Amino acid sequence: MVKRFYKRLAAALALFTIELLIVWALFLICIIVFLYLSSAILSGGELAVDEAAFAFAKDISSPAFSGFIEFITFFASRHFLTPAALLLIGYFLFIRKHRWYSLKVPVVALGSITLNLVLKYFFDRPRPMMPLVEASGLSFPSGHSMVAASFYGLLIYLVWHNVKNIAYRNTLIALLVVFVLFIGFSRVYLRVHYATDVMAGFAAGLLWVVIGIGTLRRIERISKKEIDPVVEEEAPA
């Protein structure tokens, strides 16, 4: 029994260490990428990666692929994400009865949208010329990419912590990552964003997920420490 306990403890600590390293690496990478791209945008110079991405998208364009891309980009629009977020909140609030998970959804989603609007206003970058679909507003960072990184990043976090089967969990995470990348590419393909807009959107969205979830987890731990002693004192009565 003692050996089994120590094995489980060692496994838990190893998993915690790996998760912590991944979170910190993601946090630092997102900051570096966003700062680099934002400084390049503020300098006003043209970035070769933007033109290269447009050229690549043009080379692989076709009517069938365009239809697929428009279908993919819908999953980062407010018409899909608003009801999806509400359903997710309802699921954790009324079915799973996990109020902290239900709080994570609006914090991540609404915070990401608000932050995106602030950043767009600050950088004031116009959208690319000749878009293939109607688009309004400013360009940097991409709202679709940022919200997709935040919302689906939250789903990845939920899958990581709730799906016990390792193969199933890793498959779901891989599919979600590929899906987010396709959403980002769809914005370049449709010429409504530059590639740098998309990369900055991914970086800012993931950064917000890390900050938002980390903050809520800390509040959750503090609240439990305050509540548990009271419950223990009242229990004998």
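Use the structure listed above.
Attention in this report is confined to the structure presented alongside it. Keep in mind that what you see is a predicted model, and the values were worked out from it rather than measured.

### Here we look at unusual backbone geometry
Phase 1: The omega torsion across Phe140 and Pro141 is -5°, close enough to zero to call that bond cis.
Phase 2: Relative to the helices and strands, Pro141 resides in the loop between α5 (99-123) and α6 (143-162).
Phase 3: Although it is not a glycine, Asp124 sits at a positive phi angle of roughly 50°.
Phase 4: In this model, Met130 sits at a positive phi of 55°, which is unusual for a non-glycine residue.
Phase 5: Position of Met130 among the secondary structure elements: in the loop between α5 and α6.
Phase 6: The exposure class of Met130 is exposed, given its relative accessible area of 63%.

### Topic: helix α4 (residues 78-95)
At 3.6 residues per turn, the α-helix brings residues three or four places apart onto the same side.
Phase 1: The terminal C-alpha atoms of α4, which comprises 18 residues, lie 24 Å apart, in line with the 26 Å expected from a rise of 1.5 Å per residue.
Phase 2: Within the sequence span of α4, burial applies to Leu81, Ala84, Ala85, Leu88 and Phe92. The buried residues of α4 all sit within an arc of 105° when viewed along its axis, so they share a single face. Turned more than 90 degrees from where α4 packs its buried face, His79, Leu86, Leu87, Phe94 and Ile95 sit exposed.

### Considering α6
Phase 1: Here α6 is 20 residues long and its end C-alpha atoms lie 28 Å apart, about the 28 Å a rise of 1.5 Å per residue gives.
Phase 2: Where burial is concerned, most of α6 is hidden: 16 out of the 20 residues are buried.

### Brief notes about the pattern of salt bridges
Phase 1: In this structure the tally under the stated criterion is two salt bridges.
Phase 2: Between Asp50 and Arg125 there is a salt bridge; the shortest N-O distance is 3.2 Å. Placement of the pair is Asp50 in helix α2 (residues 48-59) and Arg125 in the loop between α5 and α6, with a sequence separation of 75 residues.
Phase 3: The partner of Asp197 in a salt bridge is Arg125, with the nearest N and O atoms 2.7 Å apart.

About the criteria used
- Residues numbered from 1 in each chain as written.
- Predicted model: local features only at pLDDT ≥ 70, side-chain atom pairs only at ≥ 80, totals over all residues.
- Heavy atoms only, no water.
- Helix = DSSP H or I, 4+ residues; strand = E, 2+ residues; numbered from the N terminus.
- Buried < 20%, exposed > 50% of the residue type's maximum accessible area, 1.4 Å probe, protein only.
- Expected span 1.5 Å × (residues − 1).
- Arc of directions from axis to C-beta.
- Salt bridge = Lys/Arg side-chain N within 4 Å of Asp/Glu carboxyl O.

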